[in-house]
Amino acid sequence: MERTKKPARKKEKLSKEETLYRSAASLMEAVDCIKRFERVVYSLNDAAGKFEKIDGYKDAAERREKCIKDAKEAITKGTEEVYNTALDKLKNASDKSDFSDAIEEFKRVKKFGYNVEECNKNIQICKAGIKKAETRAMYKRQGIALCVILLLAVIFINTPFYPLIKGMYYQSEGEYATALGFYKKSGGILNGHGKIKECHYYIAEKFMEEEDYNKALINYKKAQNKFDAEEKAFNIERDIIARAVPGSIVKYGRDKWLILAKTERQALLFSKTARIKKKFDKEGKNIWHGSSLCRWLNKDYIKKFSRYERYIMAGQGMINEKDREVISVLDKEQYEKYKGIINNTGKCYWLKNSGSGKGMACCVKEDASAGEAPSGEDGIYVRSSLWVVFK
């Protein structure tokens, strides 16, 4: 029996004022989910600016005043809290990292003109503490360097141990990119693979300090399960998806994805590339929820994602009474709706609909037109889709 195609829902047409109003309102409401007070202030000021552009529309004027008032309150409360936190960090500081953290906190409140003189004074105290810590670390590094020299003297220079030790030395110096090169030359001998992950982790940390989140994400991914790399990578992925718009390319799991649609809380991701060939069903059937492809996506392929990434994947139905369908492929209706932003890979890939004949399933052809193929065909690619909840 053929499915009755539901009429496409007409897209709501909004005026420029309404569009700007909703955008400003979203910024205004989103501050409850923001932890750093600076971002709260920036968001509220941005919202106020947008409301000002449509002064006189609905309650834009009242909302603008509230945004300005809330931003001022956020500055007052936030600077005081951060300043007290910085004082506590300075009081309990014991190493270079602690002093550096305190400096960053003092700088945060200083930007807003809070206790500027006291902030400058405390920053100098922190810098003096860092200098002492660096002096202690210098002696420690000198000891490590001496050990390295002694080890190199007894290890044959052409063995894999040489680049391994060199890598350890450069890692101890904080030169992680150089250390990575030597670890790779060692072939991962002994704990070389673990050291490679550590270097990627610390490189990611540096990029986070520089707010280069894309490069930080790449290195957290390469760090794999080292320390809390998976969780930090996931947080970056989720933030990027939350800011992205349909048509954007984002990193999620091990692959790149095209954002097809977004709601206030969720985004529909679609594989940017087609790399894997799979049969729609090994037994030649053409019902999606009973297919081997559906089972593979939700039993095997899903394991490529971290537990954090899997946690925010939204269900798309049930495979059977106990197994939930999380990863899928597009159906014909979705493909027709979003094909304007879907990149053509020049490859044929499956859709989830049954075909018109026995054992036939729908697919997208090489020329990007919808068609059909035998469900047991093994030369057709898979481009998976999934919904993620980003807030």
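The model shown is predicted, which means the values in this text are computed figures rather than measured ones.

S.K.: Would you take a moment to explain the overall build of the chain for this structure?
M.R.: Scanning the chain from terminus to terminus reveals 13 helices and 11 strands. Against the globule reference of 21 Å for 391 residues, the chain gives a C-alpha radius of gyration of 27 Å, more extended than a compact globule. In terms of overall dimensions, the chain has a C-alpha envelope of 80 × 75 × 40 Å along the principal axes. A fraction of 53% describes how many contacts in the chain between residues 6 or more apart in sequence connect residues 24 or more apart. Accessible surface, the chain: about 23400 Å² in total, of which carbon and sulfur atoms supply 51%.

S.K.: Explanation requested: the layout of surface pockets in the structure shown.
M.R.: Size it by volume and the second largest pocket reaches roughly 300 Å³. Contributing to the lining of the second largest pocket are 15 residues, with K221, Q224, G253, R254 and K304 lying nearest its centre. For the lining of the second largest pocket, the elements supplying multiple residues, two or more each, are α9 (213-223) and α10 (229-243). Here the lining of the second largest pocket takes 3 residues from α10, the largest share from any one element. Split into classes, the residues belonging to the lining of the second largest pocket amount to 4 nonpolar, 4 polar and 7 charged.

S.K.: So what exactly am I meant to see when it comes to the packing of aromatic side chains here?
M.R.: How two aromatic rings sit relative to each other is given by the distance of their centres and the angle of their planes. Inspection of every chain in the model, using the stated rule, returns 20 aromatic pairs. Between Y201 and Y220 the ring centres are 5.7 Å apart and the planes differ by 65°, which places this aromatic pair in the edge-to-face class. On the criterion of sequence distance, the pair formed by Y201 in helix α8 (residues 192-209) and Y220 in helix α9 is long-range, its members being 19 residues apart. Here a set of aromatic residues connected by ring pairs shows up, and it is made of Y176, Y201, Y202, Y220 and F227. Across from the ring centre of F390, 4.7 Å away, lies the NZ or CZ of K262, which sits over that ring. Its guanidinium or amino end placed over the ring of Y349, R383 lies 4.9 Å from that ring's centre, counting from NZ or CZ.

S.K.: I would appreciate a short explanation of the environment of K358 in the present structure.
M.R.: Mapped onto the secondary structure, K358 falls in the loop between β7 (349-354) and β8 (360-364). For K358, a relative accessible area of 87% corresponds to the exposed category.

S.K.: Just to check I follow, could you spell out the environment of I196 for this structure?
M.R.: Residue position: I196 is located in helix α8. For the pair I196 and G181, spaced 15 residues apart in the sequence, the C-alpha separation amounts to 9.1 Å. When neighbours within four sequence positions are excluded, I196 is seen to be in contact with L180, Y183 and K184.

S.K.: What is the right way to read the pattern of salt bridges from this model?
M.R.: In a structure, side chains of opposite charge can pair up when their charged atoms sit close to one another. Evaluated as defined, the whole model comprises 24 salt bridges. Ionic pairing is found between E52 and R64, a salt bridge with its closest N-O pair at 3.8 Å. Of this pair, E52 sits in helix α2 (residues 37-53) while R64 sits in helix α3 (residues 60-92), and the two are 12 residues apart along the sequence. Given a relative accessible area of 47%, E52 falls into the partly exposed group. Via salt bridges that share partners, R36, E38, E105 and R108 belong to a single interconnected network.

S.K.: Would you mind going over the pairing of strand β3 (residues 266-271) with me for this structure?
M.R.: For a regular strand, side chains alternate in direction, first toward one face of the sheet and then toward the other. Burial analysis of β3 places 5 of its 6 residues in the buried class, which makes it a mostly covered element. In this sheet, β3 lies alongside strand β2 (residues 255-262) in antiparallel orientation, the contact comprising 5 bridges. Each bridged residue has a counterpart across the sheet, and for I259 the counterpart in β3 is L269. What sits between β2 and β3 in their antiparallel hairpin is a turn of 3 residues. Pairing of β3 with strand β11 (residues 384-389), which is carried by 5 bridges, proceeds in the antiparallel orientation.

S.K.: Before we go on, may I ask you to explain α2 in this structure?
M.R.: Owing to its 3.6 residues per turn, the α-helix brings residues three or four apart onto one side. For α2, which comprises 17 residues, the first-to-last C-alpha distance of 25 Å matches the rise-based estimate of 24 Å (1.5 Å per residue) to within 8%. Those residues of α2 hidden inside the fold are in contact with α1 (16-30), α3 and α4 (96-110).

S.K.: What's the story with the packing of α1 against α3 in this structure? I'm lost.
M.R.: Working note: a packed helix pair is described by the angle between its axes plus the distance between those axes. Relative to each other, α1 and α3 sit at 30°, their axes nearing to 12 Å. Of the possible angle classes, the one that applies to α1 and α3 is roughly parallel. The element α1 and its partner α3 pack so that their crossing is left-handed. On the side of α1, the interface is formed by Y21, A25, M28 and E29, while α3 contributes A60, R63, K66 and C67. Of the residues that constitute the contact of α1 with α3, the class distribution is 5 nonpolar, no polar and 3 charged.

S.K.: Explain the nonpolar core to me, please; I cannot follow it from the model alone.
M.R.: The nonpolar side chains of a soluble globular protein tend to be buried with one another. Counting residues in each nonpolar core, the largest one holds 56 residues, and the members touching the most others are Y252 and L269. Leave out the neighbours within four places in its chain, and Y252 touches K221, F234, E237, I241, W257, L269, F305, E309, I312, M313 and V388. Residues V82, F106, C119 and I123 belong to the second largest nonpolar core, which totals 30 residues.

S.K.: In this structure, what is going on with a negative patch on the surface? I would like to understand it.
M.R.: On the surface, D95, D101, E104, E209 and E210 cluster together into a patch of negative charge. Structurally, E209 can be placed in helix α8. Owing to a relative accessible area of 69%, E209 belongs among the exposed residues under this scheme.

What counts as what
Residues numbered from 1 in each chain as written. Predicted model: local features only at pLDDT ≥ 70, side-chain atom pairs only at ≥ 80, totals over all residues. Heavy atoms only, no water. Helix = DSSP H or I, 4+ residues; strand = E, 2+ residues; numbered from the N terminus. Rg over C-alpha atoms; globule rule 2.2 N^0.38 Å. Contact = heavy atoms within 4.5 Å. Areas by Shrake-Rupley, 256 points an atom, 1.4 Å probe, with all protein chains shown as cover. 1 Å grid on protein atoms, 1.4 Å probe; cavity = no way out; pocket = protein on both sides within 12 Å on 5 of 7 lines; lining within 4 Å. Points joined across faces, edges and corners; volume = space filled by probe spheres on them. Nonpolar A, V, L, I, M, F, W, Y, C, P; charged D, E, K, R; others polar. Phe/Tyr/Trp six-rings, centres within 6.5 Å; stacked < 30°, edge-to-face > 60°. Lys NZ or Arg CZ within 6 Å of the ring centre and 35° of its normal. Buried < 20%, exposed > 50% of the residue type's maximum accessible area, 1.4 Å probe, protein only. Salt bridge = Lys/Arg side-chain N within 4 Å of Asp/Glu carboxyl O. Pairing = 2+ DSSP bridges. Expected span 1.5 Å × (residues − 1). Axes fitted to C-alpha atoms, helices over the stretch in contact; angles between N-to-C directions. Parallel < 35°, antiparallel > 145°, perpendicular 65-115°, else oblique. Left-handed = near helix turned anticlockwise from the far one by under 90°. Core = buried A, V, L, I, M, F, W, Y, C linked by side-chain atoms within 4.5 Å. Patch = residues over 30% accessible without salt bridge, like charges linked within 9 Å, V, L, I, M, F, W, Y side chains within 5 Å. Lys, Arg positive; Asp, Glu negative; His and termini not counted. Charge placed at Lys NZ, Arg CZ, Asp CG, Glu CD.

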